[in-house]
Amino acid sequence: MISIVMPTMMRVDKDIIYYSIKHAIDSEVVDRITVIDNSTGGFSKTILIKSNKLIVRTMEKNICVNPAWNIGVSLSTSENVLIMNDDILCHKEVYRQVNEVMGYENM
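Residues numbered from 1 in each chain as written. Predicted model: local features only at pLDDT ≥ 70, side-chain atom pairs only at ≥ 80, totals over all residues. Heavy atoms only, no water.

Draft legend 1. Highlighting the overall build of the chain. Counting secondary structure elements, the chain contains four helices and four strands. When the helices and strands of the chain are placed in sequence order, the string is β-α-β-α-β-α-β-α. Against the compact-globule benchmark of 13 Å for 107 residues, the chain has a radius of gyration of 13 Å, which places it among compact chains. Taken along its principal axes, the extent of the C-alpha atoms in the chain is 40 × 25 × 20 Å. The buried share among the 107 residues of the chain stands at 41%. The long-range share in the chain, meaning contacts at least 24 apart out of those at least 6 apart in sequence, stands at 69%. With an accessible surface of roughly 6,300 Å², the chain has 50% of that area assigned to carbon and sulfur atoms. Charge-centre separation for the chain: the mean point of 11 positive side chains lies 8 Å from the mean point of 13 negative side chains. (Helix = DSSP H or I, 4+ residues; strand = E, 2+ residues; numbered from the N terminus. Rg over C-alpha atoms; globule rule 2.2 N^0.38 Å. Buried < 20%, exposed > 50% of the residue type's maximum accessible area, 1.4 Å probe, protein only. Contact = heavy atoms within 4.5 Å. Areas by Shrake-Rupley, 256 points an atom, 1.4 Å probe, with all protein chains shown as cover. Lys, Arg positive; Asp, Glu negative; His and termini not counted. Charge placed at Lys NZ, Arg CZ, Asp CG, Glu CD.)

Draft legend 2. Expanded view of a nonpolar patch on the surface. A grouping of V65, W69, V73 and I83 is seen on the molecular surface, where their side chains present a nonpolar patch of about 300 Å² in accessible area. Broken down by element, the residue count for the nonpolar patch peaks at three residues, all from helix α3 (residues 65-74). Tracing the chain through its elements places V65 in helix α3. The exposure class assigned to V65 is partly exposed, which follows from its relative accessible area of 37%. (Patch = residues over 30% accessible without salt bridge, like charges linked within 9 Å, V, L, I, M, F, W, Y side chains within 5 Å. Salt bridge = Lys/Arg side-chain N within 4 Å of Asp/Glu carboxyl O.)

Draft legend 3. Broad picture of unusual backbone geometry. At M10, a residue that is not glycine, the phi angle is positive and equals roughly 60°. For T40, which is not a glycine, the phi torsion comes out positive at approximately 60°. Here T40 is to be found in the loop between β2 (30-37) and α2 (42-46). When its relative accessible area of 42% is taken as the criterion, T40 is described as partly exposed.

Draft legend 4. How the structure looks around the side chain of K53. Looking at where K53 falls in the secondary structure, it is placed in the loop between α2 and β3 (54-58). Within the local environment of K53, its side chain forms a polar contact with the backbone oxygen of V30, the two atoms lying 2.8 Å apart. Leave out the neighbours within four places in its chain, and K53 touches A24, I25, S27, V30, D31, R32 and I33. (Polar contact = N/O pair within 3.5 Å; in protein donor to acceptor, adjacent residues only side chain to side chain.)

Draft legend 5. Representation of the layout of surface pockets within the structure. By volume, the largest pocket amounts to about 200 Å³. Forming the walls of the largest pocket are 15 residues, and the residues nearest its centre are P7, T8, M9, V65 and D86. (1 Å grid on protein atoms, 1.4 Å probe; cavity = no way out; pocket = protein on both sides within 12 Å on 5 of 7 lines; lining within 4 Å. Points joined across faces, edges and corners; volume = space filled by probe spheres on them.)

Draft legend 6. Examining the pattern of salt bridges more closely. For the structure shown, the criterion picks out three salt bridges. The residue E93 makes a salt bridge to R96 at a minimum N-O spacing of 2.4 Å. Highlighted residues: E93 and R96, both in helix α4 (residues 92-102), separated by three residues, approximately one helical turn. Put simply, E93, R96 and E100 are held in one network by salt bridges that share partners.

Draft legend 7. Layout of the pairing of strand β4 (residues 80-83). Burial along β4 is one-sided: the residues N80 and L82 are buried and none of V81 and I83 is. With four bridges joining them, strand β1 (residues 2-8) and β4 adopt parallel strand pairing. Looking across to β4, one finds that V5 is bridged to I83. (Pairing = 2+ DSSP bridges.)

Everything listed here is a matter of coordinates, which is why it stays silent on function.
Written out as structure tokens, the structure is:
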């Protein structure tokens with residue numbers, strides 16, 4: 001299983017973020033998606049997805065990407081964590097393949 005951490009400033013097309021999160025929710029190998037919303041509330045107003053897998057942490061101000069990654073990783077529930085940009089389209093099959101590769105012990 002993998003947990004996904006996605007910081008965002010909500011400066012990309014909302015359809016891109018929606019697509020990747022929807023596919024992550026639909027993936028059998030993703031147990032949690034943590035969005036760190038550095039836009040101070042734009043994510044919750046724009047991306048209308050409800051799921052037990054999706055955790056959104058809205059920051060009072062932009063804390064920048066490194067602290068956002070750290071918060072996201074600390075909230076992860078899996079040993080394997082995928083830190084993901086908000087501006088890429090990612091199909092659920094990719095999550096399965098990433099999970100498979102992350103499971104290899106001797107690389």
